[in-house]
Amino acid sequence: MKIGIISDTHDHMDNIRKALAVFKKHNVKKIIHAGDFVSPFTWRVFKEFEGEIYGVFGNNDGDRVLLKKMYGERIQPQIREFEIENKKFALMHEPQMLEALALSGKFDIIVYGHMHEIDIRKLNNTLIINPGEACGWLYGKATAVILDLESLKPEVVSL
C-alpha cells in the first residue's frame, strides 16, 4: 500500500488539488497530513479524496472548532498515534519530541511538519519524514511524499 504524506498546505488550494492528483496517479489509499491546513475551507478539496485521512492541528490552524467540524476525527491534536498495516505511526506538527520518540523504539514511522523543509532519515529503526511544504510559500518548492509501506521507501514528489 502507498500512502501520501503532506504538510503545511496553508490554504494553497491549487497545490492541494495537485497533491491529490499525484496521490491518485500513484494509487494512494491513505493521506497523512502533518498540520497547518489553516482554514476549514480546505475541506472542500480534501473531501474529494476517497481514502482515509489522518491529520493533526498545526500552529497556524486558525478556526480549530470549524476545522474539527469539517474534518471530524480525521484531524486531532498532536501527538497522534495510529497504525496502518501493522506499522506504528507518530504524527505531529512541531518536532519537539522527535528524537525521543524515535529513540523510544515504539514507532516505525514518525511524520512531522512545521519546518517547511524535507527531512527523510532513519534514527535507530524509525523512519522520520517531513514532506516539506505543500504550499511552497516559504521556500518556493512545493512537495509531498509518497511512502510505500511494504518497502518503507519514500519518494519526494514536486507539486
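Further up the page is the structure itself.
The rules behind the values
- Residues numbered from 1 in each chain as written.
- Predicted model: local features only at pLDDT ≥ 70, side-chain atom pairs only at ≥ 80, totals over all residues.
- Heavy atoms only, no water.
- Phe/Tyr/Trp six-rings, centres within 6.5 Å; stacked < 30°, edge-to-face > 60°.
- Buried < 20%, exposed > 50% of the residue type's maximum accessible area, 1.4 Å probe, protein only.
- Core = buried A, V, L, I, M, F, W, Y, C linked by side-chain atoms within 4.5 Å.
- Helix = DSSP H or I, 4+ residues; strand = E, 2+ residues; numbered from the N terminus.
- Contact = heavy atoms within 4.5 Å.

(A) Broad picture of the packing of aromatic side chains. Following the criterion strictly, the structure yields six aromatic pairs and no others. Geometrically, the ring pair formed by F82 and F89 is stacked, given 5.1 Å between the ring centres and 10° between the ring planes. The class for F82 is buried, based on a relative accessible area of 11%. Take F89: its relative accessible area is 1%, and that puts it in the buried class. In this structure an aromatic cluster arises from ring pairing among F37, W43, F46 and Y71.

(B) Region of the structure containing the nonpolar core. Within the largest apolar cluster, 23 residues are counted, with the highest numbers of intra-cluster contacts made by L20, F23, I31, F46 and Y71. Of all the secondary-structure elements, those providing two or more residues to this core are α1 (13-25), β2 (28-33), α2 (43-46), α3 (64-71) and β10 (143-148). If we ignore the near neighbours within four places in the chain, the residues touching Y71 are F37, P40, T42, W43 and F46. With 17 residues, the next largest nonpolar core counts I3, I5, V145 and L147 among its residues.

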